[in-house]
Number of protein chains: 2
Amino acid sequence: MDGHHLPPSHQSPPAQPERRGSFNYDIESTDAAWRGAHTASEALMRYDDDGTREPLLRKRTTNTTSQIAIVGANVCPIESLDYEIVENDLIKQDWRSRKKKQIFQYIVLKWSLVLLIGLCTGLVGFFNNLAVENIAGFKLLLTGDLMLQKRYFTAFLAYGGCNLVLAASAAAICAYIAPAAAGSGIPEVKAYLNGIDAYAILAPSTLFVKIFGSILGVSAGFVLGKEGPMVHTGACIANLLGQGGSRKYHLTCNWLRYFKNDRDRRDLITCGSAAGVAAAFRAPVGGVLFALEEAASWWRSALLWRTFFTTAVVAVVLRGLIGFCRSGKCGLFGQGGLIMFDLSATIPSYSTQDIVAIIVLGIIGGVFGGLFNFLLDRILRAYSFINEKGAPYKILLTITISIITSACSYGLPWLAPCTPCPADAVEQCPTIGRSGNYKNFQCPPGHYNGLASLFFNTNDDAIRNLFSSVGTLLGPISDLDPGLFALLGAASFLGGTMRMTVSVCVILLELTNDLLMLPLVMLVLLISKTIADSFNKGVYDQIIVMKGMPFLEAHAEPYMRHLVAGDVVSGPLISFSGVERVGNIVQALRITGHNGFPVVDEPPLSEAPELVGLVLRSHLLVLLKGKGFMKDKVKTSGSFVLKKFGAFDFAKAGSGKGPKIEDLDFTDEEMDMYVDLHPITNTSPYTVVETMSLAKAAVLFRALGLRHLLVVPKTPGRPPIVGILTRHDFMPEHIHELFPNLHKSH
Amino acid sequence: MDGHHLPPSHQSPPAQPERRGSFNYDIESTDAAWRGAHTASEALMRYDDDGTREPLLRKRTTNTTSQIAIVGANVCPIESLDYEIVENDLIKQDWRSRKKKQIFQYIVLKWSLVLLIGLCTGLVGFFNNLAVENIAGFKLLLTGDLMLQKRYFTAFLAYGGCNLVLAASAAAICAYIAPAAAGSGIPEVKAYLNGIDAYAILAPSTLFVKIFGSILGVSAGFVLGKEGPMVHTGACIANLLGQGGSRKYHLTCNWLRYFKNDRDRRDLITCGSAAGVAAAFRAPVGGVLFALEEAASWWRSALLWRTFFTTAVVAVVLRGLIGFCRSGKCGLFGQGGLIMFDLSATIPSYSTQDIVAIIVLGIIGGVFGGLFNFLLDRILRAYSFINEKGAPYKILLTITISIITSACSYGLPWLAPCTPCPADAVEQCPTIGRSGNYKNFQCPPGHYNGLASLFFNTNDDAIRNLFSSVGTLLGPISDLDPGLFALLGAASFLGGTMRMTVSVCVILLELTNDLLMLPLVMLVLLISKTIADSFNKGVYDQIIVMKGMPFLEAHAEPYMRHLVAGDVVSGPLISFSGVERVGNIVQALRITGHNGFPVVDEPPLSEAPELVGLVLRSHLLVLLKGKGFMKDKVKTSGSFVLKKFGAFDFAKAGSGKGPKIEDLDFTDEEMDMYVDLHPITNTSPYTVVETMSLAKAAVLFRALGLRHLLVVPKTPGRPPIVGILTRHDFMPEHIHELFPNLHKSH
């Protein structure tokens, strides 16, 4: 939990904190503060449309927005990430002590890390393909051999059995080792890069399960995309490297301490997600644009070059390894594994008829993309209902789907007619005893089964086959190459589901290595995206909403213009004195999950109550653990704390690895001692005046990637802080719960 | 001038404003305010390195940073752009009145505009090439014919004379019509997109001169890049279309009023600059990445798709027109004009030796790139010294350079040996009577002059020739294709001068249509950029600094961490009362160039002095022009102003087109009347507390694209505003003038 919110309403309500000696604003005073602000926003609403002049009644003062979300397949608590640079005395001392050497070290490390991310992601991407091609290839060969012996039922048992075992293993490792690895992974990575941290989402165990789960799943014949798992894998690798290994597995590294903060980790994970796409499609520029367009919420110019470097490393690694495999040293891995279309026909010119056909394709893709997203949402909701019942049910669900899939892919080809082998086939036809594109199935010699060629192949080969058959359907309408039409169809559908445009465009360009079809791809994407956008959101955004993640949009919602920052501040606010009693701090940390506490100096520490800044929960815990306590409530020079602690003691530990208040013990004597919070207080938190328009406060919050935004009073003579805004306070559900009369359309 | 700065010190100092009845903080009180803040920053400096503990003495309180800059070839005043959303009563009323229809209209218009930008830029780009190929082609043919008749001196006169006339015309239209069109144009566009507006930088006259000036200049044999002029042209086109035509030339359009603000114009101009690169190199993806990497200071996800759409339109237009020209209907315009390399050899693999050669190439490119930037800076400084003397000197300078260029390009080939024509030449060799790549020059039949082929060609053909000859030099070292080496050499040099990486990479990819060389290009770019970065800045950044433009960097400088916002605030601050006397406003507008004035309500308008917000100069001028005055100093409901004015009356006019204070006349009676500023006051200006770290204030200022950042006091009992920070207050020269003891390295 970020700021000053109460735990979610379905948990037991906490006891009121002990207030002795502490400068706390209780609920009433916070209430009063927002009431003052509220008057201002009522004035704002005075000129509203006729007939709807009811005052904006505010319903309650606590934020009951859920602090939990679905991550992978499990429900777990979420935290926000801290991108703000903390400026306290300790860190300033550290800055001053940093020499040129350390800065140079940092830069070299950064580049080494992105190089490593590229190398590892490239290797994993290649390993994935190699494993799938070999496992699935073995399975398909076994089935094919049995079918050649006319032992059709045994063949089905072998085929279905292999699928079942593979699927069940995938489900089991996911359910028992890392439930966070379930699903595409892109929504989780996107949410992480937006500042939402969930337990284990990028943990080493998740990485392990993601790699092997997707290998097993794809080998089991499930139709899984490679983009999502690879993006998640890349992000996990980046996180693992950036954390200096994992303390859990005793793989730590002290020289990575510079990266122990959310800002640098964010950069690395952005590179990782770009590397993932690059590894999935061997598309380095496409990977960069994917990170820019879809994954990252914050982008800096320096990041462009760094992500590009990472994806280029991936491309080089893949190129080298595929070259190595061409010599036949990789088992059943032949040309396959990494799609590379060859549009043999160049596109010299296109007629009006072709353009019409392409526009129709765009419309179809848009409609079907929207429909796909709608159905996916329903299915995922149904799944998560089953998933909630526990791990055995997850495995059962997977097994059921595996059996259905096996039955379909084995049964359907029987309905397809046998096609005579083309005379000019480059490959052996029908393919016997090896993986290939012309599957004999039940057909007589010299013939192949088209549907079997689709189902009895690994995904990449199947896509190639699918494209060439689909493209043929449009042959009568247009003179363009069927392969090109098939590619445009894929673009159209992708535009309709994912709503990415530039990156899809560039990925397809990189797959086909033909720039001349660019205008056609753009046209089809523009149409399908526009049409699908009128139905619903993009698939990843939709999943983020479904999972309940508090995603911050880049723009403010129109209704926020009618509110001010003070309107949405929710209580109770717990603040500390600059020199605070240990007991009060411990109590506050125990009864709330707040991450940031305002520090206020009151007389005699200052002439009048004065806002010193903001202190973070994690920093308080380090200070408490180090027991830097004093007997009396006096303001010190801070040198005691500055000597006892270094800045890196306060560096952010990996997710869930910092000290916890439950693990700390204090004697009664210690509880009555005092601690000087000034050295660890961020003296430059970003603030807004309570009458600041909520829309502009939201823009500030999002543009700077904040976790806490302090709201200060406009008029003098009041306590120096009104409240803290966090991510959850900008969520539409919170605002609409507070102001049920607010028009959504405004 | 942006905020509260005095005019530049070399202008005559203004008289003190009349203070009667107005709530102004005079210099003394502002001074006191910063002195309070200064104490805080002295405390910050307490732990400084040993030996350098002298207090940070602040030298003066006014910002003497120059408010003028060199734009093109002339010195002119600069203004900042307003990207902040103004939230005042008038605009809020307008929001409420906007219906779905208007929003739809806005979206359709936006897409139509970017479509138009793409179309126009594509057409202009093609027209440029066509004109150059024809004019220069005619000139070269004439010279060639005379040389064939052995009339070498006449040939030189014809050649030099053509060049002279073309060069002089280019210089004349630039000097007399639009001096802002001089130079590359990229630094100016980059500065504009950073928020720096200069008179006429994107005006229609600039567009006209840019197009014809670059045609004449290139035809005159000057070695000019096409990227810069095309980017500037694209930006001018975007600005022209976004302004709804030009009022000066009676080409206005009322339905474009939605775009009369700096935010939407910024988006359009970003699209325009991307379109320019796309038109120069026929590289749509490269254009987008150029805009992202080099041109734009602020980027939104929505912009990606819009710029890509624009550049795709450019690509389609160029493709169509070049196809049309293939049929020979465009005079001397043949295959030329738009570079498209064909690397015939594929790159199957590269050895260690090749990699070493490429690394050497990268180092050479980096060193020469840095040297080039250094020399360019010196030459441009010398030129601007001459340019300052007036238009005739500019033309004289151009003529001198033209004569030198002509003499060199005519003279040097005489020193080159004649090469026998290759047996397998695809083209006619030597080329006689038409433009081509094998120039006979003084050579006997069957031979060609290599240098003449370089000099006696239009730029694009020359680059092709240069590449194939340069590449051959490295033949002995490496087995790679000479053409590829030449391309890598170009990348290396571009990386060393421009320091763009991803966009150069992608532009080269798009020119060659070969993705497989990507890793090599990246390697060479990485090396050359890194090396050159250790010498100096990129060429465009260097020119921006040389021209004196107050460019805001995305990151804060390290020394800013040691200062607080209150430290750099400079006086005098002029503020208005919520209901202000007309005379005071007129006086303030007359004696200062400030763009924003804080509005403060004092008793009896409020209980205590209270900051209402910020009012803009342009809005005040509209209000004064409309004479919305009252007899008495009373707070109204604002309905008077709300009825008299619409939000679009306050929309931003084109550069230099709004009402001016000098043009307004007031009677003595009017001067003693009052005006209610509340309806036009932006009630949600962004504020920081005076003790906010300057580094974090700078990040806020830059991330949100602000023009004014209000600094409010930390402690109660003081006037509610300390000062206003503008772009100029964050400039290193201002800060180092204020604090001469500040260590730059910190």
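Keep in mind that this is a model prediction, so the values were computed, not measured.

Draft legend 1. Fine view of the overall build of chain A. If you tally the helices and strands in chain A, you get 25 helices and 15 strands. When the 746 residues of chain A are sorted by exposure, 59% land in the buried category. Taken as a whole, chain A presents about 29300 Å² of accessible surface, with 64% of it coming from carbon and sulfur.

Draft legend 2. Geometry of the interface of chain B and chain A. Listed as interface residues are 69 residues of chain B and, on the opposing side, 69 residues of chain A. Taken together, both faces of the contact between chain B and chain A bury some 6200 Å²; the carbon and sulfur share is 67%. Among the residues chain B hides against chain A, the three largest losses belong to Arg 96, Trp 305 and Lys 696 of chain B. Together they make up 13% of the total. In this structure, Lys 696 of chain B and Glu 84 of chain A form a salt bridge, with 2.7 Å as the shortest nitrogen-oxygen distance. Our count for the contact surface shared by chain B and chain A stands at 14 residue pairs in polar contact (both at pLDDT 80 or more). Mapped by element, the contributors of at least two residues to the side of chain B that touches chain A are helix H2 (89–97), helix H9 (284–295), helix H10 (301–326), helix H16 (502–512), helix H17 (518–533), strand E11 (610–616), strand E13 (687–689) and helix H24 (694–703) of chain B. Considering every element that reaches the side of chain B that touches chain A, the biggest residue donor is H10 of chain B, with 8 residues. Residues of the side of chain B that touches chain A, tallied by class, amount to 44 nonpolar, 12 polar and 13 charged.

Draft legend 3. Highlighting the packing of H9 of chain B against H10 of chain B. Residue and element names in this part refer to chain B. Between H9 and H10, whose axes approach to 8 Å, the crossing angle comes to 140°. Between H9 and H10, the crossing angle belongs to the class labelled oblique. Crossing of H9 against H10: the hand is right-handed. In this structure, H9 uses Pro 284, Val 285, Gly 287 and Val 288 to contact H10, whose residues at the interface are Leu 304, Thr 307, Phe 308, Thr 311, Ala 312 and Ala 315. Tallied by class, residues from the contact of H9 with H10 come to 7 nonpolar, 3 polar and no charged.

Draft legend 4. Geometry of the pattern of salt bridges. In total, this model carries 33 salt bridges over all chains according to the counting rule given. In this structure, Arg 718 of chain A engages Glu 690 of chain A in a salt bridge whose closest nitrogen and oxygen atoms are separated by 2.7 Å. Residue Arg 718 of chain A is located in the loop between strand E14 (709–712) and strand E15 (723–725), and its partner Glu 690 of chain A is located in the loop between strand E13 (687–689) and helix H24 (694–703); the two are separated by 28 residues in the primary sequence. A relative accessible area of 30% means that Arg 718 of chain A is categorised as partly exposed. Its salt-bridge partner being Glu 188 of chain B, residue Lys 547 of chain B comes within 2.7 Å of it at the nearest N-O pair. In this pair, Lys 547 of chain B sits in the loop between helix H18 (539–546) and helix H19 (565–568) while Glu 188 of chain B sits in helix H5 (residues 186–193), placing the two residues 359 residues apart along the sequence. What makes Lys 547 of chain B buried here is its relative accessible area of 9%. For Glu 188 of chain B, a relative accessible area of 3% gives the class buried. Linked through salt bridges whose partners overlap, the residues forming this network are Glu 79, Asp 82 and Arg 707 of chain A.

Draft legend 5. Broad picture of unusual backbone geometry. All names here are of chain A. Following Pro 603, the chain continues to Pro 604 via a peptide bond in cis, the omega torsion being 10°. On the secondary structure map, Pro 604 appears in the loop between strand E10 (596–601) and strand E11 (610–616). The phi torsion at Lys 150 lies on the positive side, around 60°, for a residue other than glycine. Within the secondary structure, Lys 150 sits in the loop between helix H3 (100–148) and helix H4 (152–176). The phi dihedral of Arg 282 falls on the positive side, at around 50°, and the residue is not glycine. Among the secondary structure elements, Arg 282 is positioned in the loop between helix H8 (262–281) and helix H9 (284–295).

Draft legend 6. Structural detail: the relation of the copies chain B and chain A. Expressed as a screw transformation, the operator carrying chain B onto chain A has a rotation angle of 180° and an axial translation of 0.0 Å, and the superposed copies differ by an RMSD of 0.1 Å. Such a combination of turn and shift is consistent with a two-fold rotation axis.

Draft legend 7. How the structure looks around the domain arrangement of chain A. Residues and elements named next belong to chain A. Taken domain by domain, chain A comprises domain 1 (27–65 + 553–738) and domain 2 (134–546). Across the boundary between the two partners, domain 1 contributes 13 residues, which contact 18 residues of domain 2. Summed over both sides, the interface between domain 1 and domain 2 buries roughly 1300 Å², with carbon and sulfur atoms accounting for 41% of that surface. If you look at where domain 1 meets domain 2, you find 1 salt bridge.

Draft legend 8. Seen up close, the packing of H16 of chain B against H17 of chain B. Residues and elements named next belong to chain B. For the pair H16 and H17, interaxial distance at closest approach is 10 Å and the crossing angle is 145°. Seen along the crossing, H16 lies across H17 with a hand that is right-handed. Here H16 contributes Val 504, Cys 505, Leu 508 and Leu 509 to the contact with H17, which in turn contributes Leu 518, Val 521, Met 522 and Leu 525. A breakdown of the residues in the contact of H16 with H17 according to their chemical character gives 8 nonpolar, no polar and no charged.

Draft legend 9. Region of interest: the packing of aromatic side chains. Residue and element names in this part refer to chain B. With the rule as written, the count across this model stands at 24 aromatic pairs over all chains. Taken together, a centroid distance of 5.0 Å and an interplanar angle of 45° make the contact between Phe 208 and Phe 212 tilted. Here Phe 212 and Phe 208 lie together in helix H6 (residues 204–219), a separation of 4 residues that amounts to about one turn. Given a relative accessible area of 39%, Phe 208 falls into the partly exposed group. An angle of 50° between the planes, with centres 6.1 Å apart, marks the rings of Phe 629 and Phe 666 as tilted. Separated by 37 residues along the polypeptide, Phe 629 in the loop between helix H21 (617–625) and helix H22 (639–644) and Phe 666 in the loop between H22 and helix H23 (668–671) bring together distant segments of the chain.

Draft legend 10. Fine view of the sheet that holds E13 of chain A. All names here are of chain A. Pairing is mixed in the open sheet, where 3 strands are placed in the order E13-E14-E15. The open sheet terminates on both sides in strands that have one partner only, identified here as E13 and E15. Geometrically, the sheet is characterised by an average inter-axis angle of 35° between neighbouring strands, direction not taken into account. Bridge count for E14 against E15 is 3 bridges, and the pairing is antiparallel. Across the sheet, residue Val 711 finds its bridge partner in E15, namely Gly 723.

Draft legend 11. Local environment of the nonpolar core. Core analysis: the biggest nonpolar cluster contains 199 residues, and Phe 308 of chain A together with Phe 308 of chain B have the highest contact counts within it. If sequence neighbours within four positions are ignored, Phe 308 of chain A has contacts with Pro 284, Val 285 and Val 288 of chain A together with Val 502, Cys 505, Leu 518 and Met 522 of chain B. Membership of the second largest hydrophobic core comes to 56 residues, among which are Val 688 and Val 722 of chain A together with Ala 698 and Met 731 of chain B.

Draft legend 12. Inspection of the UniProt feature "domain: CBS" (unreviewed entry) in chain A at higher detail. The residues that UniProt annotates with the feature "domain: CBS" (unreviewed entry) are residues 680–741 of chain A. End C-alpha atoms of residues 680–741 of chain A are separated by 42 Å, and the span's content is 27% helix alongside 16% strand.

Procedures and definitions
- Residues numbered from 1 in each chain as written.
- Chains lettered and ligands numbered in written order.
- Predicted model: local features only at pLDDT ≥ 70, side-chain atom pairs only at ≥ 80, totals over all residues.
- Heavy atoms only, no water.
- Helix = DSSP H or I, 4+ residues; strand = E, 2+ residues; numbered from the N terminus.
- Buried < 20%, exposed > 50% of the residue type's maximum accessible area, 1.4 Å probe, protein only.
- Areas by Shrake-Rupley, 256 points an atom, 1.4 Å probe, with all protein chains shown as cover.
- Contact = heavy atoms within 4.5 Å.
- Buried area = accessible area lost by both parts, 1.4 Å probe.
- Salt bridge = Lys/Arg side-chain N within 4 Å of Asp/Glu carboxyl O.
- Polar contact = N/O pair within 3.5 Å; in protein donor to acceptor, adjacent residues only side chain to side chain.
- Nonpolar A, V, L, I, M, F, W, Y, C, P; charged D, E, K, R; others polar.
- Axes fitted to C-alpha atoms, helices over the stretch in contact; angles between N-to-C directions.
- Parallel < 35°, antiparallel > 145°, perpendicular 65-115°, else oblique.
- Left-handed = near helix turned anticlockwise from the far one by under 90°.
- Least-squares fit on C-alpha atoms with pLDDT ≥ 70 in both.
- Domains from an automatic or database assignment.
- Phe/Tyr/Trp six-rings, centres within 6.5 Å; stacked < 30°, edge-to-face > 60°.
- Pairing = 2+ DSSP bridges.
- Core = buried A, V, L, I, M, F, W, Y, C linked by side-chain atoms within 4.5 Å.
- UniProt positions renumbered as here; feature names shortened; annotations may be inferred.

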